[in-house]
Amino acid sequence: DVVFATSKGVMLLHGSEATELSPYMNGKHYSIEPSAKIIVESQEFFSGFAETLSDSSPFMAFIQNASATYDYPGKRLIFINPNENYQYIYKLDTQTWHKLHHPDFKLQQVINSYPECLVVASADNGSRIVDMSTHLDVSTEQKTEKVILATRPFDLSEPDVFKTIKDVRIRGQFPKGAVKFILLGSLDGINFRVINTLRGKSWKLFRLIILADLDPTDRISWVDIGYETRF
């Protein structure tokens with residue numbers, strides 16, 4: 001199999017058949033709103049992630065200047081752009097895209113060393129080689145990982161209808177206090193504001209930012225959102 005980037009997106013060539021891996025990554029590029037960024041920066045241990053959320057490079061611009069490496073044990077493709085402080089990850093088993101940010105080093109260059117997944121990284125104390133297959137290895141001794149999940153705008157299947165959020169329940173397996181969220185509301189899908197109180201003002205569209213501090217065995221499974229329509 002061969003993976004390559006085109007003007008349409010990331011393609012996977014299997015034999016003579018080409019499949020697009022990034023159909024949901026095209027379209028408008030949404031960055032985190034300044035008001036939400038301030039809240040993220042105020043959270044202990046999460047301040048270093050806010051700049052990653054507010055990136056200015058759309059996915060297609062990022063991928064055109066990126067190189068890819070394959071993490072065989074993790075079943076994921078890692079796309080590294082040396083001009084950015086984050087990476088895009090494509091999980092082959094779930095067929096989903098994610099962002100990855102390392103606060104202690106910056107990935108710079110892929111090393112051709114399959115089946116190892118070696119990458120040159122730079123830090124304050126110089127350059128080093130990081131094995132991406134073992135760096136995120138699941139073990140009982142591993143420290144918790146800081147995670148931020150930011151959704152695209154969603155309308156709860158009722159576009160152009162004013163809605164007030166009643167409750168947000170994040171489902172999964174994690175200890176109490178390990179997961180927080182920031183809810184954003186918008187009337188035009190362009191300008192979003194932080195919603196400080198549920199059951200307050202009504203909005204047409206929403207975004208959800210989840211801050212999590214998880215053990216390797218913890219997980220976030222899904223989100224339940226209750227709402228009322230307003231006329």
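Residues numbered from 1 in each chain as written. Predicted model: local features only at pLDDT ≥ 70, side-chain atom pairs only at ≥ 80, totals over all residues. Heavy atoms only, no water.

1. What to know about the overall build of the chain
Here's step 1: Within the chain, the regular secondary structure consists of 4 helices and 16 strands.
Here's step 2: Dimensions of the chain along its principal axes, counting C-alpha atoms only, are 60 × 45 × 30 Å.
Here's step 3: Per-residue burial over the chain gives 37% buried out of 231 residues.
Here's step 4: In the chain, the proportion of contacts linking residues at least 24 apart, taken out of those at least 6 apart, comes to 56%.
Here's step 5: Total accessible area computed for the chain in this model is approximately 13400 Å², and 50% of it derives from carbon and sulfur atoms.
Here's step 6: One finds the centroid of the 25 positive side-chain charges in the chain at a distance of 8 Å from the centroid of its 28 negative side-chain charges. (Helix = DSSP H or I, 4+ residues; strand = E, 2+ residues; numbered from the N terminus. Buried < 20%, exposed > 50% of the residue type's maximum accessible area, 1.4 Å probe, protein only. Contact = heavy atoms within 4.5 Å. Areas by Shrake-Rupley, 256 points an atom, 1.4 Å probe, with all protein chains shown as cover. Lys, Arg positive; Asp, Glu negative; His and termini not counted. Charge placed at Lys NZ, Arg CZ, Asp CG, Glu CD.)

2. Observations regarding the pattern of salt bridges
Here's step 1: Within this structure, the stated rule accounts for 5 salt bridges.
Here's step 2: Residues Asp 167 and Arg 169 are paired through a salt bridge, measuring 3.9 Å at the closest nitrogen-oxygen approach.
Here's step 3: Residue Asp 167 is classed as partly exposed on the basis of its relative accessible area, which comes to 23%.
Here's step 4: According to the relative accessible area criterion, Arg 169 is partly exposed, its value standing at 45%. (Salt bridge = Lys/Arg side-chain N within 4 Å of Asp/Glu carboxyl O.)

3. Examining the confidence of the model for the chain
Here's step 1: Averaged over all residues, the pLDDT of the chain is 85; the fraction at 70 or higher stands at 90%.
Here's step 2: The least confident element of the chain is helix H2 (residues 50-53), whose mean pLDDT is 66; the most confident is strand E12 (residues 162-173), at 95. (pLDDT = per-residue confidence, 0-100.)

4. Quick word on the sheet that holds strand E2 (residues 10-14)
Here's step 1: With respect to topology, 3 strands assemble into an open sheet ordered E1-E2-E3, the strand pairing being antiparallel. The open sheet terminates on both sides in strands that have one partner only, identified here as strand E1 (2-5) and strand E3 (17-20). On average, each strand axis in the sheet is tilted by 25° relative to the strand beside it, whichever way the strands run.
Here's step 2: Pairing of E2 with E3, which is carried by 4 bridges, proceeds in the antiparallel orientation. Bridge pairing in E3 places His 14 opposite Glu 17. (Pairing = 2+ DSSP bridges. Axes fitted to C-alpha atoms, helices over the stretch in contact; angles between N-to-C directions.)

5. Regarding helix H1 (residues 34-42)
Here's step 1: Inspection of H1 places Ala 36, Lys 37 and Val 40 among the buried residues, and these make up the whole buried set. Seen along its axis, H1 keeps its buried residues to an arc of 105°; they face one direction. Turned more than 90 degrees away from the buried face of H1 sit Pro 34, Ile 38 and Ser 42, all of them exposed. (Arc of directions from axis to C-beta.)

6. Concerning the packing of aromatic side chains
Here's step 1: A complete count under the given rule lists 11 aromatic pairs for this structure.
Here's step 2: An angle of 85° between the planes, with centres 4.9 Å apart, marks the rings of Phe 62 and Tyr 88 as edge-to-face. Of the two residues, Phe 62 sits in helix H3 (residues 59-64) while Tyr 88 sits in strand E6 (residues 87-91), which places them 26 residues apart along the sequence.
Here's step 3: Phe 62 sits in the buried class, given a relative accessible area of 0%. (Phe/Tyr/Trp six-rings, centres within 6.5 Å; stacked < 30°, edge-to-face > 60°.)

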